[in-house]
There are 2 protein chains.
Amino acid sequence: MLFSIGEFSRITGLTVKSLRLYHEKGILIPHTIDAKTGYRYYNHQNAEKARAIRILRSFEFSLSDIKEMLEAGEDDADLISALERQKQNLQDQVSNYSKIISTLNTIIQSEKEMQMARTQQTHEVEEKTLDDTLIAGIRFKGKYCDCGNVFPKLCRQMGRYIRGKPLNLYYDAEYKENDADIESCVPVRECKPVEGISVRNLPGGKCISLIHQGSYERLGESYEKIGAYAKEKGYNLKIPSREIYLKGPGMIFRGNPNKYLTEIQMMIEE
Amino acid sequence: MLFSIGEFSRITGLTVKSLRLYHEKGILIPHTIDAKTGYRYYNHQNAEKARAIRILRSFEFSLSDIKEMLEAGEDDADLISALERQKQNLQDQVSNYSKIISTLNTIIQSEKEMQMARTQQTHEVEEKTLDDTLIAGIRFKGKYCDCGNVFPKLCRQMGRYIRGKPLNLYYDAEYKENDADIESCVPVRECKPVEGISVRNLPGGKCISLIHQGSYERLGESYEKIGAYAKEKGYNLKIPSREIYLKGPGMIFRGNPNKYLTEIQMMIEE
DNA sequence: CTTGACTCTCCCCCTAGGGCAGGGTCTATA
DNA sequence: TATAGACCCTGCCCTAGGGGGAGAGTCAAG
């Protein structure tokens, strides 16, 4: 009882293309090959083997693995160890993908928050009452752009404890270009002390807040607005001032600086 | 500030080969290309893009996806939806692999049991006391080999409730070729009734047991041994007799019939 | 004898690069 | 200025598991 490749394909559920490939690779050799026409003819024994191949393929074994397994003579111990190796491979894949998925979740979350922030923007000076917040911070002296090195460090160290947008505290009364006294912080959920990072409460209270849209180079304009507002109201402002980076250069794309959103908060002396 | 491809490769962590590929695909085009020598020179802007590409690749985005994303102009909504799509893809992969892993576990388990059975073989007629067992069975009249159609059906229906090796019950007092009265069964954990399948208790008791090694065609020889033993001891044997398929044609490989193991159990009338 | 369904081999395509060959280029040192 | 060693170019072949198609030959029924 012999079947042409098309019939055999329908019987086994393997495509004609695959059957030819398996023949070429020596994995499944047709019972008879017409020497004149080259037609392949398969028998029941071939069907048995084809079934095994189909099952092994469904386990994502590679063709070379399958070839080895078929040639190894179906020894039980070999079969079991091959299955266990494959299981391990798949588990590695799964754990790899799971890691990516959880990273993706974090990023999606933060991108969504950024987008949200942009739709709820006010751009007007307003007065707010802030709650106390637990933060993890690294204080240093240097240039503003140095905090680009500090934030990644904070993120690595605090990892999944992070609970909000990064912020900077500026301890200088006036603007300093090169030797500014800056503390880069992230809000955290728990107190997990790490060498070089200070985890503490950032006290709340009444403040003046302004959401600045655009490049960081023009933050000065927004500070002027806050200063003018405070003067008008007769408020005294305390240091450190706070800058909360609602939307900055994205994790993946740098984004358009004109869309960056930064909330400036200056506490009012009461 | 321009970098040759080798320097840029060290900076970005992308291989030279990859950089050339990305150039060819139009994903990352060097800032300057020396018209005379064809040398590629990259700048900081390229580095920015390279970083994005590296991150996206680490999320297993395809190059064509990455190209699209880069060309789409970094719109937030698009980015988020792309990330979510990719997350979905990865989750699908994970669930696919997880299914395979659980199937592999089942098979590994059963192959191990088979192997175990073979190492503990006795091949001597012995007397045993069996416990009651919950079984799911399908009774039919036909040839012995018809049970090859029945077992897959049982396995599909009972799925993960299966708790041991398949067995057949033979209700005929003598051997019948064509019109045998057979019940194909599997032990199950729970009583999950299904149309056409009888789930019930198979009563235990004292029996004569013999493990038959070899092809099913020579089972008769083992039945004769049991018959001789029973006659010697003066036992009356009850129907149905039981055949437990400890090791038969494997799930994947057909195996060597000379290694098949079948336990024959015949209950003793007390 | 014809016709339609099948089959053959050969070739190119896909991913994301790896590896190598043969030849040209850059830069520092003698 | 010559040259050595490092660097870079293009082009070709390879991976796994096929998909798609071209052009030619074959089978079976009417």
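Structural notes, computed from the coordinates.

Our focus in this paragraph is the protein's contact with DNA strand C. Taken together, the neighbourhood of DNA strand C is formed by 21 residues, with Ser4(A), Gly6(A), Gly38(A), Arg40(A) and Ser62(B) sitting nearest. Among the secondary structure elements, those contributing two or more residues to the surface near DNA strand C are helix 1 (5–12) and helix 2 (16–24) of chain A together with helix 2 (16–24) and helix 4 (63–71) of chain B. Of the residues in the surface near DNA strand C, the class split is 6 nonpolar, 8 polar and 7 charged.

All names here are of chain A. Spatially, the 3 strands line up as an open sheet ordered 1-3-2, and their pairing is antiparallel. Edge positions in the sheet fall to strand 1 (3–4) and strand 2 (32–33), since each has one partner strand and no second. In this structure, strand 1 lies alongside strand 3 (residues 40–42), joined through 2 bridges in antiparallel fashion. Looking across to strand 3, one finds that Ser-4 is bridged to Tyr-41.

Turning chain B through 180 degrees and shifting it by 0.1 Å along the axis lays it on chain A, with an RMSD of 0.1 Å. Expressed as an axis order, the relation between the two copies is that of a two-fold axis. No C-alpha of chain B lies nearer the rotation axis than that of Val94(B), which sits 2.6 Å from it. A shared binding surface is used by both copies, with 100% of the interface residues of chain B retained as interface residues in chain A.

Further remarks concern the protein's contact with DNA strand D. If you check the shell around DNA strand D, you find 19 residues, and the closest are Lys17(A), Leu63(A), Ser4(B), Gly6(B) and Gly38(B). At the level of elements, helix 2 and helix 4 (63–71) of chain A together with helix 1 (5–12) of chain B are the ones that each hand at least two residues to the surface near DNA strand D. For the surface near DNA strand D, the per-class residue count stands at 4 nonpolar, 8 polar and 7 charged.

The subject of this paragraph is the pairing of strand 10 (residues 241–247) of chain A. All names here are of chain A. Along strand 10, 6 of the 7 residues are buried, which leaves the element largely enclosed by surrounding structure. Across 5 bridges, the pairing between strand 10 and strand 11 (residues 261–267) is antiparallel. Counted as the bridge partner of Lys-247 is Leu-261 from strand 11.

Further remarks concern the sheet that holds strand 2 (residues 32–33) of chain B. Residues and elements named next belong to chain B. Taken in spatial order, the 3 strands line up as 1-3-2 in an open sheet, and their pairing is antiparallel. Edge positions in the sheet fall to strand 1 (3–4) and strand 2, since each has one partner strand and no second. Pairing analysis gives 2 bridges linking strand 2 to strand 3 (residues 40–42), with the strands arranged antiparallel. Looking at strand 3, one finds that Thr-32 is bridged to Tyr-41.

Now for the interface of chain B and chain A. Contacts between the two partners involve 33 residues from chain B and, on the opposite side, 33 residues from chain A. Those elements that place two or more of their residues in the side of chain B that touches chain A are helix 3 (44–58) and helix 5 (76–119) of chain B. Top element by residues in the side of chain B that touches chain A is helix 5 of chain B. It accounts for 22 residues. Split into classes, the residues belonging to the side of chain B that touches chain A amount to 18 nonpolar, 6 polar and 9 charged.

Turning our eyes to something else, we now look at the environment of Met266(A). Residues and elements named next belong to chain A. By the secondary structure assignment, Met-266 is in strand 11. Taking C-alpha positions, Met-266 is 6.6 Å from Ser-209, a pair spaced 57 residues apart along the chain. Among all residues touching Met-266, those that are not within four sequence positions of it are Cys-207, Ile-208, Ile-226, Leu-237 and Ser-241.

Cut-offs used in this document
- Residues numbered from 1 in each chain as written.
- Chains lettered and ligands numbered in written order.
- Predicted model: local features only at pLDDT ≥ 70, side-chain atom pairs only at ≥ 80, totals over all residues.
- Near = placed C-beta within 6 Å.
- Helix = DSSP H or I, 4+ residues; strand = E, 2+ residues; numbered from the N terminus.
- Nonpolar A, V, L, I, M, F, W, Y, C, P; charged D, E, K, R; others polar.
- Pairing = 2+ DSSP bridges.
- Least-squares fit on C-alpha atoms with pLDDT ≥ 70 in both.
- Contact = placed C-beta atoms within 7 Å.
- Buried ≥ 20, exposed ≤ 12 C-beta atoms within 10 Å, placed from the backbone.

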